[in-house]
Amino acid sequence: MTDAVPILEMRNISKTFATIKALSGVSLRVWPGEVHALMGENGAGKSTLMKILSGAYQADEGGEILIGGRAVTIKGPQAARDAGVAIIYQELALAPNLTVAENMLLGREHARGGILDRRAMARECAPVLQRLGVTFGPATLVADLSMAERQQVEIARAVHARSRILVMDEPTTSLSSRETEALFAIVRQLRSEGMAIIYISHRMAEVYELSDRVSVLRDGTFVGTLNREEISAEALVRMMVGRDLSSFYKKDHDAHMSRGPVILSVRDMGDGKRVHGCSLELHQGEVLGLAGLVGAGRTELARLIYGADRRASGTVVLDGTDITPKLPQDAIAAGLVYLTEDRKHLGLFLDMTVRENINLGVIARDSRGAGILNGAAARARSAAAVKALSIRVSTDMVNVGALSGGNQQKVLLSRLLECKPKVLILDEPTRGVDIGAKSEIYRLIDDLARAGVGVIVISSELPEIVGVCDRVLVMREGVIAGEVGGTTGTPITQEAIGAIATGASHGLAA
Ligand SMILES: Nc1ncnc2c1ncn2[C@@H]1O[C@H](COP(=O)(O)OP(=O)(O)OP(=O)(O)O)[C@@H](O)[C@H]1O
Ligand SMILES: [Mg+2]
């Protein structure tokens, strides 16, 4: 590889946002035909570096970007595309009311006498879609596609534009394992065709499986690059956090011994569509997992319990009182709180500060709190939360929208804790969260359980479910299909959960 030219070389890249030094003097070399993973803790600067490459941000003076050995200036997104760079953000950037072909050709549509020539467009796009092995055609409306399929459209667009560098920022966070496999197959194919893929991920297993090399950022600086044979979890963690992470956090409370009375009882919950007749009981101080494949109805069930969606049937009893909430506010007022998996759209106020966002929870609990968002108590509360969850901010007066993804998740979690919940439902609580912060969140769940809070954890990561839960309900096709742990006598293992989730075993009746 030494005599070849890297397809991408970023030299001495720095970026300052107001007072935050997001990147200082970062360099990165990427070769054609490699999957180059980019890792680092939340806020390390990964997305910022890639946004500079894709023209979304301008780097500070003094840096250089070379593509194929030639220096380029990337003034904006179009310049990046012209230079052969394509980026797929987590919030996909497609127009939902246009077709696949229209999205792939956006800005370069075929027009004959001012009319879109759909047939020519389809002819042009079909071979690319075929080559990628996707199951939809060029005339499909993007609005009708799943998240995973929309991602494939973005990849097709990059391939069609003859991009030589494809950046994917945490592409698998909302994919099922099957969809992830399909994505990996496409990535491998593109690699074999000589494309360079820069792949941002917090998931160690993915990085192992997919990448040829890994570069690590820490606090806006470049730490180093590992070759395939040098990659190990220990080495990466040491590079990411700057020390050995002695032991990954293990569950410390034991609900079988100390499990309290029933705190939450849900009966016959259903929406008449995707969730049917779900009943469950949660004890004080218990951590109950809700597992199942993506699409099994876990989030839907949680939203019904919380009053966020319309119920066809079902009651919710909290601490002996029927609270069956009409609206989420009713649930919060009663002490039942839900952490959404969709923090961008439902959870945070991106143009309010960290302090305000954290204190909004107090208002939800106690309306007399209104107007105190910036008082002394609010400042103290926010400072304590920032410390407790190690939220990385220079000051809590920055807007949440400017935080890295993982730090946004921590702010949302802090806000919920300010509601002083009796029952907390956490939907994918560690999505997009780095390895150190994951450990902190597990510790927090444990502390809450020991303080008597009932916790329900929804997660697609089985090791997470196995690691933190006392008992696990497994959903399949909208019903609770089985149970492990607790008093069932079946230990909580990935195999046992997987068997119930896929229908290979029926488990014990819940
Ligand atoms: N538009 C912005 N305005 C102000 N600060 C920003 C902006 N974008 C990013 N930052 C700051 O730059 C730093 C790096 O953020 P970045 O999003 O690049 O991190 P990341 O490595 O992608 O983290 P994560 O794993 O959480 O996604 C953070 O401190 C973040 O708050
Ligand atoms: Mg990021």
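Things to note about the site of ligand 1
Right, on to step 1. Around ligand 1 lies a shell of 19 residues, among which F17, A22, N42, S47 and S404 are the nearest.
Right, on to step 2. Where the shell around ligand 1 is concerned, the elements lending two or more residues are β2 (20-30), α1 (46-53) and α15 (405-417).
Right, on to step 3. Here the shell around ligand 1 is composed, by residue class, of six nonpolar, 10 polar and three charged.

Things to note about the domain arrangement of the chain
Right, on to step 1. Under the domain assignment used here, the chain contains domain 1 (8-241), domain 2 (247-335 + 421-510) and domain 3 (351-419).
Right, on to step 2. Of the residues forming the side of domain 2 that touches domain 3, the biggest block, three residues, is contributed by helix α16 (residues 435-450).
Right, on to step 3. Along the lines of polarity and charge, the residues of the side of domain 2 that touches domain 3 split into seven nonpolar, one polar and three charged.

Looking at helix α8 (residues 233-241)
Since the α-helix packs 3.6 residues into each turn, any two residues three or four apart lie on the same face.
Right, on to step 1. Of all the positions in α8, only L236, V237 and M240 are classed as buried. With its buried residues spanning 100° around the axis, α8 presents them on a single face.
Right, on to step 2. Residues of α8 that are buried in the fold lie against β3 (35-39), α7 (204-210), β11 (213-218) and α16.
Right, on to step 3. Positive phi appears at G242, one or two residues downstream of α8, with a value of about 80°.

Thoughts on the environment of P261
Right, on to step 1. Turning to its location among the elements, P261 is positioned in the loop between α9 (255-258) and β13 (262-270).
Right, on to step 2. Distance from P261 to D319, taken between C-alpha atoms, is 8.9 Å for residues 58 residues apart in sequence.
Right, on to step 3. Here P261 is in contact with H283 and Q284, once residues within four sequence places are set aside.

Some remarks on the sheet that holds strand β17 (residues 321-322)
Right, on to step 1. Strands sit in the order β14-β13-β16-β17 across an open sheet of four strands; the sheet is antiparallel. Of all the strands in the sheet, just β14 (278-283) and β17 have a single pairing partner and so form its edges.
Right, on to step 2. By the bridge criterion, five bridges tie β13 to strand β16 (residues 313-318) in an arrangement that is antiparallel. Within β16, the residue paired with L264 across the bridge is L318.
Right, on to step 3. Packing of helix α10 (residues 298-306) onto the sheet brings it into contact with β13, β14 and β16, and relative to β13 it is tilted by some 110°.

The rules behind the values
- Residues numbered from 1 in each chain as written.
- Chains lettered and ligands numbered in written order.
- Predicted model: local features only at pLDDT ≥ 70, side-chain atom pairs only at ≥ 80, totals over all residues.
- Near = placed C-beta within 6 Å.
- Helix = DSSP H or I, 4+ residues; strand = E, 2+ residues; numbered from the N terminus.
- Nonpolar A, V, L, I, M, F, W, Y, C, P; charged D, E, K, R; others polar.
- Domains from an automatic or database assignment.
- Buried ≥ 20, exposed ≤ 12 C-beta atoms within 10 Å, placed from the backbone.
- Arc of directions from axis to C-beta.
- Contact = placed C-beta atoms within 7 Å.
- Pairing = 2+ DSSP bridges.
- Axes fitted to C-alpha atoms, helices over the stretch in contact; angles between N-to-C directions.

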